[in-house]
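Spelled out from the first residue to the last, the chains are:
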Amino acid sequence: MGNNVIGRVLATEKRPTTIDDFTFWTDPQLILNPFDIVKVQHVNNSYSYGVIEDIAHITDAASFLTNFISSDFGDVNAEENTLRVGMNYVTAKVVCNTNNIYIPLQSNAKVMLATAEEINYALGLNDIRNPLVCGYLEMYEGTKGCEKVTLPVNLNSKFIIGPEGAHLNISGISGLASKTSYAMFLLKAIQDSYMKKDPKDEDEDSVAFILFNVKGNDLLAIDQINDFADERNPEVARKDTFAKYEKLGLAPEPFKNVYYYYPYSIPQTRHWNTYMKPDEVEDNIRKKKAKKFKYIYQYDKDNLDLMFANIDDSTQTMEAIISYIISGQGDFNKVSDWQGFLDAIKNKCSTENAGKDKEIPVTSWRKFYRIINKSITDNKIFARDLREEDGETRIGDALKYIKKNEVHVIDVAKLSEDKQAYVFGDAIRTIYDLQLGQYAGEEGVNPPARIVIFIDELNKYASKETPKNSPVLRQVLDVAERGRSLGVVLFAAEQFRSAIHDRVTGNCSTHAYGRTNSIEVTKSDYKSIPSVYKTMMTRLKQGEYIIQNPIFRSLLNIKFPKPIYKQFK
């Protein structure tokens, strides 16, 4: 494709060009789109590149009334006697110059369409180190005189999983933004990239993944190929998706080295804690690719604070009780299981003990008992013992032995919110301690350099409304602020980015904006985004995102293919 001239730069008294932006006129019939790149002649034989931000149409009519009168005072069938002179004028933002010249573009300078190579250069995509594909972009769709340009988009993996930058935040309306699908696409790209490395390479640059399944069966068959049964034409959809994966340099295969962890369940009772069928669970356990997790008092009492993740403890009485229990004061040094634990707390709640403990009143013990009793007695994951021969494990034990390129999926979809928070907090705490070297020296412990944790519905654990004393919030903030240096990377998704704690979003190097609503884009979190792009966010299609990353010179409107792994509808 050549450089078709499509217009010239405008510079007027009221609308001058600046270092940052410029305006140009173009044919009213020429189809251009926000995010398209244009090339502009500049001084010293240089060229500047701009990204389109807005398009407007103007005529020589002095006012709206002029147009109304020229239509025979509002006759919709009347033809104008005088043809109005009109044009489109396009506002664009300067992204770079070939000679690093950033004086304002000159009036009447030629504006052209760019070639694929020039688009790569303009957006900073031509010389990406440690390339990791994050989707593809399409430009000049429907533009007369040129073919649509389709380009794979790579970012520097060091700026999404560390050490240069880390953490990804994905936002968008549930069901329309495909947040989980996009996160899984990126995780698939990361796994493919690292599995191509020579197995003999040192583990200094290795990665593993921990995913939380929070909705139905969404992530409980990611090692199985997508059959596209929900598509109108499954075979056509399969071929199209496979072709896109191959074009992006990815293997048209599901995830590899996948292990599942289901909450301990009792078949044919209300205590069945997963959306998987009992025979499917047992089959995966038999194949050594799944286990059922439990919590045992003697090993997991130190995580009692996680049960109070969403409880506002402004007076710190719950924290005082937990410290009392963990230190083995009172009868708690004799407790060996959850039932004995509940009995010991109940004893503290009796009127006979009123006044005996001056630091912790009986009313606080009773509140503690109500919360703990509901959590423990309502679910069989809090058990007396563990039978490894039956495929049972503790999350803390299982994650210690994670190896490079492995994907560990923890199913919490059917658990109540307080137990989801408990499991999530336990897993993050284990991984954080693992990367700090707490388990160094134990046989079989050889963690990868980086561990990526993916969680949907982050608002449950790190919203602006979450109690400040929440232990799970503290864990998430620790990962967001210090995880990059430790090799703990957070990929998180939520419906409304504006609801998430500022210290979490502020520490994410990459942001993916999916379809959202018009109220959300008015929030302060979106103040740096041009108004036209905000409007576009309210009508993005499934499989389409606006991406922000430090290595990109501008926001990018990217697309990604359908999931390659099995889907449940």
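An account of the accompanying structure is given in this report.

Conventions and cut-offs
Residues numbered from 1 in each chain as written. Predicted model: local features only at pLDDT ≥ 70, side-chain atom pairs only at ≥ 80, totals over all residues. Heavy atoms only, no water. Pairing = 2+ DSSP bridges. Helix = DSSP H or I, 4+ residues; strand = E, 2+ residues; numbered from the N terminus. 1 Å grid on protein atoms, 1.4 Å probe; cavity = no way out; pocket = protein on both sides within 12 Å on 5 of 7 lines; lining within 4 Å. Points joined across faces, edges and corners; volume = space filled by probe spheres on them. Nonpolar A, V, L, I, M, F, W, Y, C, P; charged D, E, K, R; others polar. Buried < 20%, exposed > 50% of the residue type's maximum accessible area, 1.4 Å probe, protein only. Polar contact = N/O pair within 3.5 Å; in protein donor to acceptor, adjacent residues only side chain to side chain. Arc of directions from axis to C-beta. Contact = heavy atoms within 4.5 Å. Phe/Tyr/Trp six-rings, centres within 6.5 Å; stacked < 30°, edge-to-face > 60°. Lys NZ or Arg CZ within 6 Å of the ring centre and 35° of its normal.

Right, let's talk about the pairing of strand β1 (residues 5–10) for a bit. Residues in a regular strand project their side chains so that they alternate between the two faces of the sheet. Bridging between β1 and strand β6 (residues 110–113) involves three bridges; their strand directions are antiparallel. Note on β6: the bridge partner recorded for R8 is K110. Relative to strand β2 (residues 21–26), β1 is paired through four bridges, and the arrangement is antiparallel. Its bridge partner being in β2, V9 is matched across the sheet by F24.

Attention now moves to the layout of surface pockets. One number sums up the size of the largest pocket: a volume of about 820 Å³. Lining the largest pocket are 31 residues; nearest its centre among them are S178, S181, P563, Q567 and K569. Those elements giving two or more residues to the lining of the largest pocket turn out to be α3 (179–195) and α4 (234–247). When the residues that make up the lining of the largest pocket are grouped by side-chain class, the tally is nine nonpolar, eleven polar and eleven charged. Taken together, 23 residues form the lining of the second largest pocket, with N33, P34, M536, E544 and N557 sitting closest to its centre. When contributions to the lining of the second largest pocket are tallied by element, the ones reaching two or more residues are β7 (131–139), α15 (531–537) and β21 (556–559). Within the lining of the second largest pocket, the residues separate by chemical class into 13 nonpolar, three polar and seven charged.

All right, on to the side chain of S509 then. Relative to the elements of secondary structure, S509 occurs in the loop between α14 (502–505) and β19 (510–513). Taking the relative accessible area as the measure of exposure, S509 reaches 13% and is therefore buried. Separated by 3.4 Å, the side chains of S509 and T510 make a polar contact.

Let's shift gears to helix α2 (residues 116–123). Within α2, the full set of buried residues consists of E118, I119, A122 and L123. Summarising the axial view, the buried residues of α2 lie within an arc of 125 degrees, below the 170-degree limit, and thus occupy one face. At the exit of α2 stands G124, carrying a positive phi of roughly 80 degrees.

The subject of this paragraph is the side chain of H408. With respect to the element layout, H408 can be found in strand β16 (residues 407–411). Among the polar contacts made by the side chain of H408, one reaches the side chain of Y261 at a distance of 2.9 Å. Excluding its chain neighbours within four sequence positions, the residues that come into contact with H408 are F209, I210, L211, Y259, Y261, L399 and I402.

Below, the discussion takes up empty space enclosed by the protein. Considering all chains together, one arrives at three cavities of 30 Å³ or more under this definition. Here the largest cavity defines a volume of roughly 50 Å³. For the largest cavity, the full set of lining residues is S181, M184, F185, K188, Y245, F255, F560, P561, K562, P563, I564 and Y565. Of the residues contributing to the lining of the largest cavity, the split by class is nine nonpolar, one polar and two charged. Taken as a whole, the second largest cavity spans an internal volume of roughly 40 Å³. Considering only residue class, the lining of the second largest cavity consists of four nonpolar, two polar and three charged.

Let's shift gears to the environment of G172. Tracing the backbone shows G172 in the loop between β9 (168–171) and α3. For G172, a relative accessible area of 0% puts it in the buried group.

Locating L30 in the fold gives a position in the loop between β2 and β3 (37–41). Sequence separation between L30 and I6 is 24 residues, and the spatial gap between their C-alpha atoms is 8.2 Å. Those residues in contact with L30 that lie beyond four places of it in its chain are I6, N88, T143 and K144.

Taken as a whole, this structure holds 28 aromatic pairs when the rule is applied. Ring geometry for F212 and F424: centres 5.1 Å apart, planes at 75 degrees, overall edge-to-face. Of this pair, F212 sits in strand β10 (residues 207–213) while F424 sits in helix α11 (residues 417–436); the two residues are 212 residues apart in sequence, bridging distant segments of the chain. Here the aromatic rings of Y545 and F560 are separated by 6.1 Å at their centres, their planes lie at 40 degrees, and the arrangement is tilted. On the criterion of sequence distance, the pair formed by Y545 in strand β20 (residues 544–548) and F560 in the segment after β21 is long-range, its members being 15 residues apart. The exposure class of F560 is buried, given its relative accessible area of 6%. An aromatic cluster is present here, built from F293, Y295, Y297, F308, Y324, F332, W338, F341, W365, F368, F382 and Y422 joined pairwise through their rings. One cation-aromatic arrangement involves K294 over Y264; the distance from NZ or CZ to the ring centre is 4.3 Å. A cation over an aromatic ring shows up here: R553 above the ring of Y121, its NZ or CZ 5.5 Å from the ring centre.

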